[in-house]
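Letter by letter, the chains look like this.
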Amino acid sequence: MIIIKKEDISKLTSKYKNNGLSIVFTNGCFDLLHSGHLDLLRRASEFGDKLIVGLNSDVSVKKLKGRSRPIENESVRSNNLLDKSFVDDVIIFNEITPKKLIEQIIPNVLVKGGDYKKEEIVGYNNVTKNGGVVRIVPLTPGFSTTLIINKSNR
Ligand code: CTP
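Before going into details, it helps to say that this report is about the structure given with it. (Residues numbered from 1 in each chain as written. Predicted model: local features only at pLDDT ≥ 70, side-chain atom pairs only at ≥ 80, totals over all residues. Heavy atoms only, no water.)

**Some words on the pattern of salt bridges**
Pairs can form between side chains of opposite charge whenever their charged atoms are close.
Stage number 1. Inspection of the entire model under this criterion finds seven salt bridges.
Stage number 2. Here Lys-50 and Asp-88 are joined by a salt bridge, their closest N and O atoms 3.7 Å apart. Taken together, the residues span a long stretch of sequence, with Lys-50 in strand β3 (residues 50–56) and Asp-88 in the loop between α4 (74–82) and β4 (89–93) at a distance of 38 residues.
Stage number 3. Judged by its relative accessible area of 17%, Asp-88 falls in the buried class.
Stage number 4. Between Glu-103 and Lys-99 there is a salt bridge, with the nearest N and O atoms lying 2.9 Å from each other. On the criterion of helical spacing, the pair formed by Glu-103 and Lys-99 is a turn pair, its members being four residues apart in helix α5 (residues 99–105). (Salt bridge = Lys/Arg side-chain N within 4 Å of Asp/Glu carboxyl O. Helix = DSSP H or I, 4+ residues; strand = E, 2+ residues; numbered from the N terminus. Buried < 20%, exposed > 50% of the residue type's maximum accessible area, 1.4 Å probe, protein only.)

Written as structure tokens, this is what we have:
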């Protein structure tokens, strides 16, 4: 299990692909890892052989979720993910969306948690035109990082 630098992504993905292993990709901030995150990651890992998680960098979490976030920095968030047996690799990315990362990885399965139409998901075109599939996993109700922060502020 490794944290990958962007420039090594092609080495990692060709190693997997040359060994006939399918790649599942999902992404997010994963700040204060909770049961909703873990359910998503476990289910995602079951769609293929290797689960690569695209992790929003601290800079991009701030842009997405506000100045007070993340609570845990990208190094802590990466290591918490990599501690889980169903996560194989973590790639930290700086952009707001994982579009470029997905174009580099070209996963066999792109997974997103939530209530989306598949066609709306960033990376949908890239993945499907390369023969991959997009899977949507329903959110586990009652869990979010925001909720944990709000509870602890009470
Ligand atoms: N997720 C999930 N079930 C939940 C909460 C999140 O499946 N109950 C999924 C999201 O759909 C996303 C991934 O976990 O694919 C990472 O979500 P993230 O935004 O990092 O987590 P949240 O807890 O939703 O964060 P916040 O409350 O800060 O918005």
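**Quick notes on the pairing of β3**
Sheet faces and side chains relate simply in a regular strand, where the side chains alternate between the two faces.
Stage number 1. Most of β3 sits inside the fold, with six of its seven residues counted as buried.
Stage number 2. Pairing of strand β2 (residues 23–28) with β3, which is carried by six bridges, proceeds in the parallel orientation. Considered in β3, the bridge of Phe-25 is made with Ile-52.
Stage number 3. A crossover links β2 with its parallel partner β3, the connecting element being helix α2 (residues 35–45), and its sense is right-handed.
Stage number 4. With five bridges connecting them, β3 and β4 associate as parallel partners. Bridge pairing links Ile-52 to Asp-89 in β4. (Pairing = 2+ DSSP bridges. Right-handed = clockwise from strand over helix to strand, strands pointing away.)

**Digging into the site of the ligand**
Stage number 1. Taken together, 16 residues lie around the ligand, and His-34, Lys-65, Thr-140, Phe-143 and Thr-146 are the ones closest in.
Stage number 2. Here an oxygen atom of the ligand sits 2.6 Å away from a polar atom, N or O, in the side chain of Lys-65.
Stage number 3. Protein chains bury 86% of the 580 Å² of accessible surface belonging to the ligand in isolation.
Stage number 4. At the level of elements, α2 and α7 (145–153) are the ones that each hand at least two residues to the shell around the ligand. (Near = heavy atom within 4 Å. Polar contact = N/O pair within 3.5 Å; in protein donor to acceptor, adjacent residues only side chain to side chain. Areas by Shrake-Rupley, 256 points an atom, 1.4 Å probe, with all protein chains shown as cover.)

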